[in-house]
Amino acid sequence: MARFRTRLALLGSAAALAAGALAPAQLVGAQPAAAADYDWVALGDSYTAGVIPAAGDIFEIPRDGCERTDRSYPQVIDRDLGSFFELTNVSCGAATIEDVTFNAQQPIGRSMPGQPDPDAPFPPVPPQSDAVKSGTDVITVGVGGNTLGFGEILFKCLQLGEGSGGVGTPCKDELAADIPARLTKVNTDYDQMLAKLHEKGPDAKILAVGYPTVVPEDTSKCRYNDINQFFSITPGDLDWLRQDVLEPLNKVIEKSAGTQDSATFVDLYDSSAQHSVCDAGKWVEGILDSDNRPALVHPNAMGHRNAADHVTSAMLNAIAP
């Protein structure tokens, strides 16, 4: 356990060093762009905002602690389709469904357990749904993992797997009984969120974006104690995380979207099946990325590019006559 805490401390130090960002260049004398045809609001958690260095540079100056990066999928789509859609991106790392619906969120920046972001604390940001207006045409929302407590579950699995030699299912044994109640909470909150978004943007098409493949179906690809993968989580617990936690999370989101006439589920899981944390061509990084920067199991720029492709298709379908 001492060795595990040491590794977490090192991760936190790396997170603090990686917290800088570059300001976007300004074009001198550039003419203002013509107004876009459709208003688009992007909502969500870190899988939308980007957050990690492998998903690009933080472009918000000054930082607000939400850590939106310039290669996250809303920003990729904005560069591709900016002449059609006017983007308002209020996604925020660590956001829960309630933070989207009605909570003022306290952003955490790139904080780690025991290692706060050096620029924290950040002022609260408004509930993300405040960005939705009566004239909004398209809403994309990718959220639910933090309501489920995936980060908490991940760290518990790391702790319980430490020293196991990769044998057994210590995390499943301790946490499995709590998962059904967590999924029920996600379902209830997601239904309330979709109702709120429809109320605020009655003519908007809501695209409920699911989560990509994180754990491969064949967990023999995952090397125990590899910090660029899942570090100390056992293969048995990885199977459990895939089958009983992550896949059901997507199913809950898909089911909730199916109850709202204005909502459509955008599946990222199948298209990313061969690009998990343990695949050679990974679209989701491990605890550290391939450059040994903090990643904590988040999509990299290639994962966001895949998300952008699928969300773009859904957005264009949403505005089609």
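Quick summary incoming for the structure in this document. (Residues numbered from 1 in each chain as written. Predicted model: local features only at pLDDT ≥ 70, side-chain atom pairs only at ≥ 80, totals over all residues. Heavy atoms only, no water.)

**Describing the packing of aromatic side chains**
- Counted under the stated rule, the structure contains three aromatic pairs.
- Measuring from ring centre to ring centre gives 6.3 Å for Trp40 and Phe85, while their planes differ by 80 degrees; the resulting arrangement is edge-to-face. Linking Trp40 in strand E1 (residues 38-44) with Phe85 in strand E2 (residues 85-89), this pair joins segments that are 45 residues apart in sequence. The same class applies to Trp40 and to Phe85, which are both buried. (Phe/Tyr/Trp six-rings, centres within 6.5 Å; stacked < 30°, edge-to-face > 60°. Helix = DSSP H or I, 4+ residues; strand = E, 2+ residues; numbered from the N terminus. Buried < 20%, exposed > 50% of the residue type's maximum accessible area, 1.4 Å probe, protein only.)

**Let's talk about the state of the cysteines**
- The full count for this structure, using the stated rule, is three disulfides.
- Each sulfur in the disulfide pair Cys66 and Cys92 lies 2.0 Å from the other. The disulfide joining Cys66 to Cys92 has a torsion of about -85 degrees about its S-S bond and is therefore left-handed. Residue Cys66 is located in the loop between helix H2 (46-49) and helix H3 (73-81), and its partner Cys92 is located in the loop between E2 and helix H4 (97-101); the two are separated by 26 residues in the primary sequence.
- By relative accessible area, Cys66 is classed as buried at 0%.
- Across the disulfide, Cys157 is cross-linked to Cys171 (sulfur-sulfur distance 2.0 Å). Residues Cys157 and Cys171 share a disulfide whose torsion about the S-S bond is about -80 degrees; that sign makes it left-handed. Linking Cys157 in helix H6 (residues 150-161) with Cys171 in helix H7 (residues 170-175), this pair joins segments that are 14 residues apart in sequence. (Disulfide = S-S within 2.5 Å.)

**So, the nonpolar core**
- In terms of nonpolar packing, the biggest core is built from 56 residues, with Val141, Tyr190, Met193, Phe230, Trp240 and Val297 touching the most fellow members.
- When residues no more than four places from it in sequence are discounted, the contact partners of Phe230 are Leu158, Val214, Val215, Cys222, Leu238, Val277, Cys278, Ile287 and Val297.
- Formed by 19 residues, the second largest nonpolar core is a distinct cluster that contains Ile77, Leu81, Leu268 and Met315. (Core = buried A, V, L, I, M, F, W, Y, C linked by side-chain atoms within 4.5 Å. Contact = heavy atoms within 4.5 Å.)

**Things to note about the pattern of salt bridges**
- Tallied over the entire structure, the rule returns 18 salt bridges.
- Linking Glu60 and Arg68 is a salt bridge whose minimum nitrogen-to-oxygen distance equals 3.1 Å.
- The class for Arg68 is buried, based on a relative accessible area of 5%.
- Two residues, Asp279 and Lys221, come together in a salt bridge whose shortest N-O distance is 2.7 Å. Taken together, the residues Asp279 in the loop between strand E5 (263-266) and helix H10 (301-319) and Lys221 in the loop between strand E4 (205-209) and helix H9 (235-258) connect sequence positions 58 residues apart.
- Looking at Asp279, the relative accessible area reads 10%, which means it is buried. (Salt bridge = Lys/Arg side-chain N within 4 Å of Asp/Glu carboxyl O.)

**Description of the pairing of strand E3 (residues 138-142)**
- Most of E3 is tucked away, with five of its five residues classed as buried.
- Residues of E3 alternate between two faces, with Val138, Thr140 and Gly142 on one and Ile139 and Val141 on the opposite face, all of them buried.
- With five bridges connecting them, E1 and E3 associate as parallel partners. Across the sheet, residue Leu43 finds its bridge partner in E3, namely Val141. (Pairing = 2+ DSSP bridges.)

**Let's talk about H9**
- Between its first and last C-alpha, H9 extends 33 Å over 24 residues, near the 34 Å set by a 1.5 Å rise per residue.
- The principal kink in H9, of about 35 degrees, is found at Leu241. (Expected span 1.5 Å × (residues − 1). Bend = angle between axes of the 7 residues up to and from the residue.)

**What about the packing of helix H8 (residues 179-200) against H9?**
- The interhelical angle for the contact between H8 and H9, taken along N-to-C directions, is 25 degrees, at an axis separation of 9 Å. Between H8 and H9, the crossing angle belongs to the class labelled roughly parallel. H8 and H9 meet at a crossing whose hand is right-handed. In this structure, H8 uses Ile179, Leu183, Val186, Asn187, Tyr190, Asp191 and Leu194 to contact H9, whose residues at the interface are Trp240, Asp244, Val245, Pro248, Leu249, Val252, Ile253, Lys255, Ser256 and Ala257. (Axes fitted to C-alpha atoms, helices over the stretch in contact; angles between N-to-C directions. Parallel < 35°, antiparallel > 145°, perpendicular 65-115°, else oblique. Left-handed = near helix turned anticlockwise from the far one by under 90°.)

**A look at the pairing of E4**
- Of all five residues in E4, four are buried; the element is thus mostly enclosed.
- Pairing analysis gives four bridges linking E3 to E4, with the strands arranged parallel. In the sheet register, Val138 faces E4, and the bridge partner there is Lys205.
- As paired strands, E4 and E5 are joined by four bridges and run parallel to one another. From the neighbouring strand, Ile206 faces E5, where its bridge partner is Ala263.
- Note that the unit made of E4, H9 and E5 has a crossover that is right-handed. (Right-handed = clockwise from strand over helix to strand, strands pointing away.)

**Some remarks on the environment of Met112**
- In this structure, Met112 sits in the loop between H4 and E3.
- Placed 184 residues apart in sequence, Met112 and Leu296 show a C-alpha to C-alpha distance of 9.7 Å.

**Details of the side chain of Gln105**
- Tracing the chain through its elements places Gln105 in the loop between H4 and E3.
- Judged by its relative accessible area of 5%, Gln105 is buried.
- At a separation of 2.9 Å, a polar atom in the side chain of Gln105 contacts the main-chain carbonyl oxygen of Gly93.
- Leave out the neighbours within four places in its chain, and Gln105 touches Cys92, Gly93, Ala94, Ala95, Asp99, Pro123, Pro124, Val125 and Gln128. (Polar contact = N/O pair within 3.5 Å; in protein donor to acceptor, adjacent residues only side chain to side chain.)

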